[in-house]
Amino acid sequence: MSTPTQKLVEAFRTGQISRRQFMTMLAALGATAAAAPVMAHAPGIRTAPQARPLKQIEPKVLVYGASQDIATIDPSDRVDYSISAIMRQLYDRLFRFEGGWPQPVEPNLCTEWSTNENGSVWTFKITDQAKFHDGSPLTASDVVYSYQRTLRFQRQRSSLLSGYLDVDGISAPDATTVVMNLKTPYPAFDRLLAFLEQPIVSEAIAKANEVDGDEGAAWLVDHEAGSGPFTIKNWQIGTVYELEAVPDYWQGWPGEGRLAGVVWQKSEDAGTRKQGLLAGNFDISDTVSVTDVEEINNTEGLQALVNFGLLGGYLKYNTQEGPTADVNFRKFLNYSFNRQAFSDSQLGFIKDMVSPIPEGVPGYNPDNQPQYTYNPELAKAALDASPYAAGGFSIDFVYVAGLDFEEAGGLILLDELRKYNITLNLVPKNWPDIVGACTAPVGGPPIAFIFDQFPPLADTWLIEKYSSKSWDRPTGGSFQACSFYKNEQVDALLDELKVTVDADRATAIVTEVQALVAADAPDLPLYVAPNVLGIADRVKGFNYFGDISVDFWRLWIE
Amino acid sequence: METLPNSGEGFLKATLRPVSVFRFDQLSIIHNAMLRYIGRRLLLIPVVLIGLSILTFVISRVVPGDPVKLAAGTQARPEQIERLRADFGLDRPLVEQYLMYMGGLLQGNWGYSISNRREVGPDLVRYFMATLELTIVSTLLGMAIGIPLAIISARWRDRLPDHLARFFSIGTASVPVFWIAIILQIILAQNLRLLPVSGRFDARAEFPEIITGMLLFDTLLRGNFEGFGIALRYIIIPAMCQSLLVISVVTRQLRGDMLDMMSKDFVRVARANGIPERMIWLRYLMKNALIATVSMLGFIIGFQLGGAPLIEYVLDWPGIGQYALKAALLLDFQPIMGSTLFIGCVVVGVNLVTDLLYRSIDPRIGFR
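Residues numbered from 1 in each chain as written. Chains lettered and ligands numbered in written order. Predicted model: local features only at pLDDT ≥ 70, side-chain atom pairs only at ≥ 80, totals over all residues.

**Description of the overall build of chain B**
- Helices and strands together make up the secondary structure of chain B, namely 15 helices and zero strands.
- With the C-alpha coordinates of chain B rotated into their principal frame, the extents come out at 90 × 55 × 40 Å.
- Buried positions account for 40% of the 368 residues belonging to chain B.
- When contacts within chain B are restricted to residue pairs at least 6 apart in sequence, long-range pairs at least 24 apart make up 70% of them. (Helix = DSSP H or I, 4+ residues; strand = E, 2+ residues; numbered from the N terminus. Buried ≥ 20, exposed ≤ 12 C-beta atoms within 10 Å, placed from the backbone. Contact = placed C-beta atoms within 7 Å.)

**Focus on the confidence of the model for chain A**
All names here are of chain A.
- Residues of chain A with pLDDT of at least 70 account for 90%, and the chain-wide mean is 89.
- No element of chain A has a lower mean pLDDT than helix H2 (residues 19–39), which averages 45, and none a higher one than strand E7 (residues 177–181), which averages 98.
- This model gives residues 27–49 a pLDDT under 50, and the stretch forms 37 contacts once residues within four places in sequence are excluded. (pLDDT = per-residue confidence, 0-100.)

**Re the nonpolar core**
- If you look at the biggest cluster of nonpolar residues, it comprises 243 residues, and the most contacted ones within it are Tyr64, Leu192, Val262, Leu462 and Val513 of chain A.
- Top contributing element to this core by residue count: helix H10 (residues 225–262) of chain B, with 17 residues.
- Setting aside residues no more than four positions away along its own chain, Leu192 of chain A makes contact with Leu160, Tyr186, Pro455 and Leu457 of chain A. (Core = buried A, V, L, I, M, F, W, Y, C linked by C-beta atoms within 7 Å.)

**What to know about the packing of helix H10 (residues 327–336) of chain A against helix H12 (residues 376–384) of chain A**
Residue and element names in this part refer to chain A.
- Between H10 and H12, whose axes approach to 8 Å, the crossing angle comes to 165 degrees. Put simply, H10 runs roughly antiparallel to H12. In this structure, H10 crosses over H12, and the sense of that crossing is left-handed. Seen from H10, the contacting residues are Asn328, Phe329, Lys331, Phe332, Tyr335 and Ser336; seen from H12, they are Leu378, Ala379, Ala382 and Leu383.
- Of the residues assigned to the contact of H10 with H12, the class counts are seven nonpolar, two polar and one charged. (Axes fitted to C-alpha atoms, helices over the stretch in contact; angles between N-to-C directions. Parallel < 35°, antiparallel > 145°, perpendicular 65-115°, else oblique. Left-handed = near helix turned anticlockwise from the far one by under 90°. Nonpolar A, V, L, I, M, F, W, Y, C, P; charged D, E, K, R; others polar.)

**Examining the interface of chain A and chain B**
- Contacts between chain A and chain B engage 47 residues on the former and 46 residues on the latter.
- Breaking the side of chain A that touches chain B down by element, the ones donating at least two residues are strand E1 (60–66), strand E8 (230–236), strand E9 (240–245), strand E10 (259–266), helix H8 (270–278) and helix H14 (431–437) of chain A.
- Here the side of chain A that touches chain B is composed, by residue class, of 15 nonpolar, 23 polar and nine charged.

**Topic: the environment of Val400 of chain A**
All names here are of chain A.
- Relative to the elements of secondary structure, Val400 occurs in strand E14 (residues 393–400).
- As a C-alpha pair, Val400 and Pro456 span 56 residues in sequence and 25 Å in three-dimensional space.
- Apart from the residues within four sequence positions on either side, Val400 is in contact with Glu406, Lys429, Trp431 and Ile434.

**Side note on the sheet that holds strand E5 (residues 121–126) of chain A**
All names here are of chain A.
- Overall, antiparallel pairing links the four strands, which are arranged E4-E5-E7-E6 in an open sheet. Where the open sheet ends on each side, the last strands, each with one partner, are strand E4 (110–115) and strand E6 (170–174). Between one strand axis and the next, the sheet turns through 20 degrees on average, direction left out of account.
- In the sheet, E6 pairs with E7 via three bridges, with the strands oriented antiparallel. Counterpart to Ser171 in the pairing with E7 is Val179.
- Its contacts with the sheet put helix H4 (residues 140–153) on E5, E6 and E7, and the angle it makes with E6 is roughly 175 degrees. (Pairing = 2+ DSSP bridges.)

**Remarks on the environment of Ser394 of chain A**
Residues and elements named next belong to chain A.
- Within the secondary structure, Ser394 is located in strand E14.
- By C-beta crowding, Ser394 is classed as exposed, having 12 other C-beta atoms within 10 Å.
- Residues Ser394 and Asp128 lie 266 residues apart in sequence; the distance between their C-alpha atoms is 65 Å.
- If near-sequence neighbours (up to four positions away) are discounted, Ser394 is found in contact with Thr423 and Asn425.

**Observations regarding the pairing of E8 of chain A**
Residue and element names in this part refer to chain A.
- Relative to E9, E8 is paired through six bridges, and the arrangement is antiparallel. Pairing of Gln236 across the sheet is with Val240, part of E9.
- The turn joining E8 and E9, which pair antiparallel and follow one another in sequence, is formed by three residues; a positive phi near 80 degrees is taken by Gly238.

**Comments concerning the pairing of strand E12 (residues 302–317) of chain A**
Residue and element names in this part refer to chain A.
- Burial within E12 is extensive, with 14 of its 16 residues counted as buried.
- Two elements, E12 and strand E16 (residues 447–452), share six bridges in a ladder whose sense is antiparallel. Paired with Gly313 across the bridge in E16 is Phe451.

What follows is the structure, encoded as structure tokens:
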């Protein structure tokens, strides 16, 4: 955590500033820090972090209370926050993304990298210092194998990568050089790679554990073949996930001390995670409920850190069916949503969204227009301009069963629509049902409260959410495209954005698309959800980098 | 009560003999009848399981939502979705899918999770052993508390101990168990710091070597008494929560049956013959009254072996209930099928054992 942030947290904890002031100042601090590094992803020569001598602080084991299990640690299978958090410790990647917020690209295995003029051929030089945990050197051949393995498997981890790279598009001319020939030029490919965090697996170990040509898949589900700062000490699925430090990790340890190990303690109930922290069972608890922030901050030796990442909450309207197919009705809904009431329901721990993409994504326009704030007059005018001015009908509001903050959003809207003789039916559904309903407009939810999270790349955000190609296709749409939005101008711009190599033109397209989408109101970008971390004061070295979890490599316990 | 002989020594012996005394001279007759009974029950098991499998299969396929899209992830490309669908045979007709699954099952293959590609069989065993351990401890704890409570309650019927015992037994069944879990966490773990908040073993201690998957047994088998102590501390709150149902049922059922037995002739005769009251209660009353309780216990144990998702969720106990619940939420159909059939087998097995047990306690029931 940076020094100004520490001071701010301290001021909040000691009561020198109110919660609202705290949130405002935190947002301002984030915005200031955001300015430079976000766009600074141009290729160049960087150096990996240098090892520093450790103080005489005895390494200790850190117990991490996590809200999620670790389904697999196969480097080519899938990603979610818990898998990523552990994979960062077991494996090295070309780049790292833990340098702060909003996520500057930092070299890791990569010592320098470059691309050709149109961003279609990328060359990466990698360090010759890295070693796998069995002592064998990590070479460019292992990098190639790791990427190819993921592309061959065609599982969730390969989803974004396979849009740009084929198995035969990657090669290793020598032991420290990797070349990637892209299918489509992409000037921000290094940033994409940093986000994808492809773990580099030892080809020799994977192949040594191969069964029936599975490239070690069965074995790597709960074993590792990496070179990261930690290795597996004990891995009992569902019961214990324990890592121990590699003291002579090739990259050294960045802090004044280091951890002896990490125990990932799955604790799915938010209340239990808080109790574990308060009782001293956990050193850190992630995904703490905002209602527990005050109690944690009032407990000696503990603090709750509130940060914002890229998890955006949207009210998505079915733009093809029912009343929400009418743009004025959608605008009516947007102006009817009382953001302040919603913020109050979340104790102020939210960050309003004013654009279809959240702050932190390059190209985000904070002045995008129109911005939908609660305005009954504009709401009435929009409703009058729609065919539904008389009301007298009902409409479904679909949300994930059990998520009280989504239900709160529905209740706030329900209360407002009642004034216009419109009944809002709150329909809680299980998540798979919502995903299934988002396949096609017919039968799709009229209004759905859905969270989206993508890489910090504007094109990914905009294409997945607002290109009609993301839902009007034989396999149907994803939940991100649950607005079933179709605007030919937007489609054309997004097609162009996908292939443009001109940075200025790309920025202009991103700005224009944000405005066009806001004018059509296929959704209400509502808020960025907070990442709340409960952490003991004895834990040092925390550095927020936009993720729910932490980078254990940087931590130590005093 | 059995038909009483007319008089003499036989009268006294027959009168004082509890109805449940096992007679070895009947052993061969009972043995044959029992084997026939077990055979009949075993023959029914495949029928039950096939019915269960068809029901589960149909339900898991007709619910809305697409497990393939969920598993493929948010940015999956259409060809990835189709490949995943083909990998798991979901592009084939439903009947063929069912037959393929059942064919695999007959060869010991419980299938794979579509969400994490893990084998279902080993996961089922792993999670089930945690549930089994919790069920054993909670049942023992529940009986250790419930049986004395029932005796106290019946012995001092309609007096203060009875009222307190009944209040306790009804209260334990009335309060949501997850709420009890949270209260116990706050009091015993957070405030008093006597017990851990959640989990199965101390994260900072050396995790014991797995033999059976039940940590209490594994630590004892290895002579790891320190590990046993740790595992015991971690199981106390979950077991306390899970035992509440046992306590409630045992206390009320046993109390009622004991009161019922108190008016029976054999008890009155025993009293008339001067048999000590303690012996009447422990040997005559309780043993006869246990029949219905054993039957209920069998039902509860079968129910608990299916997992307790709420307790497991709040207390982070890695049991089969959570495994099944997660599979259901993700529409992960092979773990859904696997856990349903596995739990089905367990319940059928427990019911069979229960049937045999109370037929042994009360030979009058017979094996027809």
